[in-house]
4 protein chains.
Amino acid sequence: MDNIKLVTSKGHARTTIRVGEVTIGKDFVVIAGPCSVETEAQTLAVAKAVKAAGAQLLRGGVFKPRTSPYGFQGLGLKGLKILVKAREETGLPIVSEVLDTRDVTWMSEYVDVFQIGARNIQNFSLLKEVGKARKPVLLKRGMYSTFAEWLNCAEDILSEGNPDVILCERGIRTFETYTRNTLDLSAVPSIKELTHLPVIVDPAHGTGRASLILPMSLAAVASGADGLTVEVHNDPKAALSDGDQALTPPQFVEIMRQVLALRTFMETLH
Amino acid sequence: MDNIKLVTSKGHARTTIRVGEVTIGKDFVVIAGPCSVETEAQTLAVAKAVKAAGAQLLRGGVFKPRTSPYGFQGLGLKGLKILVKAREETGLPIVSEVLDTRDVTWMSEYVDVFQIGARNIQNFSLLKEVGKARKPVLLKRGMYSTFAEWLNCAEDILSEGNPDVILCERGIRTFETYTRNTLDLSAVPSIKELTHLPVIVDPAHGTGRASLILPMSLAAVASGADGLTVEVHNDPKAALSDGDQALTPPQFVEIMRQVLALRTFMETLH
Amino acid sequence: MDNIKLVTSKGHARTTIRVGEVTIGKDFVVIAGPCSVETEAQTLAVAKAVKAAGAQLLRGGVFKPRTSPYGFQGLGLKGLKILVKAREETGLPIVSEVLDTRDVTWMSEYVDVFQIGARNIQNFSLLKEVGKARKPVLLKRGMYSTFAEWLNCAEDILSEGNPDVILCERGIRTFETYTRNTLDLSAVPSIKELTHLPVIVDPAHGTGRASLILPMSLAAVASGADGLTVEVHNDPKAALSDGDQALTPPQFVEIMRQVLALRTFMETLH
Amino acid sequence: MDNIKLVTSKGHARTTIRVGEVTIGKDFVVIAGPCSVETEAQTLAVAKAVKAAGAQLLRGGVFKPRTSPYGFQGLGLKGLKILVKAREETGLPIVSEVLDTRDVTWMSEYVDVFQIGARNIQNFSLLKEVGKARKPVLLKRGMYSTFAEWLNCAEDILSEGNPDVILCERGIRTFETYTRNTLDLSAVPSIKELTHLPVIVDPAHGTGRASLILPMSLAAVASGADGLTVEVHNDPKAALSDGDQALTPPQFVEIMRQVLALRTFMETLH
């Protein structure tokens, strides 16, 4: 991994990133919210629920990259304004995905953290553009990325001047069909060996099954992850995208209880 | 493949696309040129050589998507001007890759065919942007694309109003390491069953080995491909990118001889 | 590929293997027959049909390795006796798959060529056992084998004293679902660079679609393959296994016509 | 998964398997020992060390399936006799891999649990043969097995009359090269949804890196695994196989401490 000059763990202290009330890389961070921002009522309801359960950041998609041009494409600017309203009501900073180099500058006015999705992991123009932004970047692993390729993408961002990258394991495509992807938790300790950047886990996209989110969230904590990002919907069956893997608010409360208890235990173990 | 409404073969006549002197989808087309435009001298030398050998379009990269930010990034506008000069001298229309939504409009002034590379196959913003352009699009298969995913990308382009898409098989990533990718020639007859769009083959990226380009070019012709795209360099060992898989002009002449003879034979066979 | 001592192309003349009337590695060989031996009537009918169309060896499975224990498991010894009867009537030597180390010795009395299937590519006990046999071995590539792994399996056989191995590309598993596997024709020229052993192609298992067998057979010939193995059934819809990819006798006749014409043309091309 | 009749979780109580002092599927089980049995001194030293640290079963390979015929092939019967001696001295039951149908009967005299390795997951003859044995079977997932394929292999064993199958996740091949395989911990809760059989985890083969064994063992416990199998060697650098992923006895002691503490905590969490 010769090209990893800025993100290598060698000779670097671990990176911590302050966002709102949480210091990512030091505190355990939970990012929660709907897959897509659909309506103001839905978004505010979910935002209040996840805040009450202990989430520190609110996530919500307003541009939906879809395999088909005929699917729901997201609310765009209207959705961002809903997220801003949710931030005002809950105090939770906003994480939202950017898909197009032309959107980075103006979206900076709304979001607190840019998300780069798995599909854009080789969109080098976009990586460089968020590298010029002054907001942290949540960089999801590509569905096929090796650790070296993923870290090169982080290097692209840092090399443009933005040091605040949070890596997010979200599953890789394998031949398995029972799960939507194969969540690779060995990425957590591996990435920590290779880089000073924090690494969190997305157990919902990583498995595609709501029933697997709790055990895989606990396993992520045990593997040493710096946090989780999960999708919560007040009515998963009516969700416009990814309803199969969304948690209800009560499920999220229970996961938070177990995850935080385990995290506390893990700190006593080592 | 329910979402494929415009590109499905059902109820559509086969698409043909006129570019310069060649009707792609009817005539056998050969696109040749350097991986990257490096200098005017190199580009003109290669352009003249491939023209003399029978190529109908000139290819050359001016933006190089690279895994590392520290590699050669391409000449950009300067490179396009060199390609235009080569077009003036040889009459060959130009194919060049676009990487960024912001570049589509102004690049339309220079190129005859846009190329979308394998890394941008899920960059839906870019697909839609070339869908609004009035130039044909050479759409490479992603390194991991299934046929259904690839055709959905073509659907993205057609759904924006651009009917002129040429599909290009260029190999998929497998566990094999002897070849750089695994060239999937079964894509040729499969794609022809599924869609009315023409499909060509890139045997160089598909294998990553100069020694395999001739046999795989012949196999592509026998499988029914509508054409080939190959990289030719006047000095492969000095190439700034992909020298291992570039042909010298004499090698290209020999491949053209065998490919065209086989194509002629194939027309008598059925 | 340091472990490949006996199969490496370096310093070895190309291997040719005489079986019945054909010299594999020199003549173009076509192996044809039913996936499974089902009845004497079916086997004799197919054997006569493929003989008449020009096939030089008869294939037929009598032990069927199945993903489920509840599928058709093959006729065993009874099936071998049917194959022997078909050999007596047509003169075609027999190729049949062996699955168990305990079966190698007694099956030697019946078959002319042992087939090792893709599922047994890492069954090293079985590879060594056929390495002790005095019959040629048709060694299929594993669904996930790299060239290096495949050649190591051939090395296992040769290292036990049996020099007569024929390699057979039959497709690898990829993310594609339209085809059953992805036929890797780049294996043909690659394997010829790496080893002195002959290499043939199985276009039926490689694609799983009868409509793709003709174009992929022609592409295999153009890529330089030493032969083909195909499944022919007198009534594919009633076949107990793999009916989707079996050819009818008339389809096989047409494929033979085109394949042999192309092979003759290819010899004039180089 | 229509073919899974005997192993399906539907309508079955969870299977527990008594081996020596441990009830697998109820108690948390740790299987430990050298990759290969090399000498009596080495095996006895490791057996005593893992017994002292709390392991309940002793593992050790005496037949080594190798990619190359020129690697160390194992001690065979001599190795089994060494394992028996270690059992006599420590009381630990023995787990050892069987590779050949011909070895099942006589090996039954020596081993307490048969292991079927990843390479033999499609060796259906061998699966059926251990299905006839009266010893539990530790069935490793194949390097490429889907859950459905893996469970069909278990079905093969149960359908022959042997109900005592322990499944073992050991990593699947992906494009990642930093780890030797990708350990799929989502297999643990998924397999528990699908079947009544116990499932354990092999974090060493799953990652191929000694530094990842501790975090992945903890993650396996948190995911709900019924146990672990790990390799311990008194001198990993001198090991004849897989030394890179073997633990020293002191490392194993520390892993046992953390694993058992976490397991106890997990029982209080739900």
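Counting starts from 1 at the beginning of each chain's written sequence and moves along it residue by residue. Just so you know, chain letters begin at A and ligand numbers begin at 1, following the order they were written in. In keeping with the model being predicted, local features are shown solely for residues with a pLDDT of at least 70 and side-chain atom pairs are shown and tallied solely at 80 or more, while totals for entire chains, interfaces and linings include all residues. In computing side-chain properties, one takes all heavy atoms of the structure into account and sets aside hydrogens as well as water.

What about the interface of chain A and chain D?
Worth spelling out the cut-off: The contact rule is simple, with two residues in contact once any of their heavy atoms fall within 4.5 Å. Accessible surface is computed with a 1.4 Å probe, and the buried area is the amount of it that two parts give up when combined, taken over both parts together. Salt bridge, as used here: a side-chain nitrogen of Lys or Arg that lies within 4 Å of a carboxyl oxygen of Asp or Glu. Pairing of N or O atoms within 3.5 Å defines a polar contact, subject to two protein rules: one partner must be a possible hydrogen donor and the other a possible acceptor, and residues neighboring in sequence count only if both atoms are side-chain atoms. Strands are runs of DSSP state E lasting at least two residues, helices are runs of H or I lasting at least four, and both sets are numbered from the N terminus onward. In this count, Pro and Cys sit with the nonpolar residues alongside Ala, Val, Leu, Ile, Met, Phe, Trp and Tyr, while Asp, Glu, Lys and Arg are called charged and the others, Gly among them, polar.
At the interface, 38 residues of chain A touch 38 residues of chain D. Counting each side, the surface lost to burial between chain A and chain D is near 3000 Å², with a carbon and sulfur contribution of 68%. The tally of links from chain A across to chain D stands at two salt bridges. Here A:Arg141 ties to D:Glu176 by a salt bridge, and the two come within 3.4 Å at their closest N and O atoms. At the boundary of chain A and chain D, one finds 10 residue pairs in polar contact (both at pLDDT 80 or more). Counting only elements with at least two residues in the side of chain A that touches chain D, the list comes to helix 6 (187-194), helix 8 (213-223) and helix 9 (249-269) of chain A. Take the side of chain A that touches chain D: its biggest share by element is seven residues, from helix 9 of chain A. Grouping the amino acids of the side of chain A that touches chain D by side-chain chemistry returns 20 nonpolar, 12 polar and six charged.

What about the interface of chain C and chain D?
Contacts between the two partners involve 32 residues from chain C, matched on the other side by 32 residues from chain D. Interface area for chain C against chain D, summed over the two sides, is near 2700 Å², with a carbon-plus-sulfur share of 48%. Of all residues in chain C, C:Tyr70, C:Gln122 and C:Tyr144 bury the most surface against chain D, accounting for 21% of the area lost on that side. Taken together, the links from chain C to chain D amount to 13 residue pairs in polar contact (both at pLDDT 80 or more). Mapped onto the side of chain C that touches chain D, the elements with two or more residues apiece are helix 4 (124-131) and helix 5 (147-159) of chain C. Examining the composition of the side of chain C that touches chain D, we find that five residues originate from one element, helix 5 of chain C, more than from any other. Residue composition of the side of chain C that touches chain D, by class: nine nonpolar, 12 polar and 11 charged.

Structural notes on the relation of the copies chain C and chain D
The test is simple: To superpose the copies, least squares is applied to the C-alpha atoms of every residue with a pLDDT of at least 70 in both.
With an RMSD of 0.0 Å, the operation that places chain C on chain D is a rotation of 180° combined with a shift of 0.0 Å along the axis. Taken together, the rotation and translation relating the two chain copies correspond to the operation of a two-fold axis. When the interface residues of chain C are mapped onto chain D, 100% of them are again interface residues, pointing to one common binding face.

Re the environment of C:Arg18
All names here are of chain C. To keep things clear, this is the line we draw: A simple rule labels every residue: compare its accessible area, found with a 1.4 Å probe on the protein chains alone, to the largest value its type can have, and call it buried under 20%, exposed over 50%, or partly exposed in between.
Note that Arg18 resides in strand 1 (residues 17-19). Residue class for Arg18 comes out exposed when judged on its relative accessible area of 54%. In this structure, the C-alpha to C-alpha distance between Arg18 and Val98, residues 80 residues apart in sequence, is 21 Å. Reaching out from Arg18, the side chain makes a polar contact with the side chain of Thr23 at a distance of 2.8 Å.

Regarding the relation of the copies chain A and chain D
The transformation that overlays chain A on chain D combines an axial shift of 0.0 Å with a rotation of 180°, and the residual RMSD is 0.0 Å. A shared interface surface links the copies, since 100% of the contact residues of chain A are contact residues in chain D too.

A short note on the packing of aromatic side chains
Centre-to-centre distance and the angle between the planes together describe a pair of aromatic rings. For clarity, the threshold we go by: Paired rings are identified among Phe, Tyr and Trp, the last through its six-membered ring, by centres lying within 6.5 Å, and are further divided according to the angle between planes into stacked (under 30 degrees), edge-to-face (over 60) and tilted (the rest). When the NZ atom of lysine or the CZ atom of arginine is within 6 Å of a ring's centre and also within 35 degrees of its normal, the charge is said to sit over that ring.
Applying the stated criterion across every chain, the model contains 22 aromatic pairs over all chains. Summarising the aromatic geometry, the rings of B:Phe63 and B:Trp106 are spaced 6.4 Å apart at their centres and angled 85° between planes, so their arrangement reads as edge-to-face. Of this pair, B:Phe63 sits in the loop between strand 4 (57-59) and helix 2 (77-90) while B:Trp106 is found in helix 3 (residues 104-107), placing the two residues 43 residues apart along the sequence. The class of B:Phe63 is buried, set by a relative accessible area of 17%. Positioned over the ring face of A:Tyr178 is A:Arg209, at 3.6 Å from the centre of the ring. The residue whose ring lies beneath C:Arg173 is A:Phe175, and the NZ or CZ to ring-centre distance is 5.3 Å.

All quantities given are derived from atomic positions and should not be read as evidence of function.
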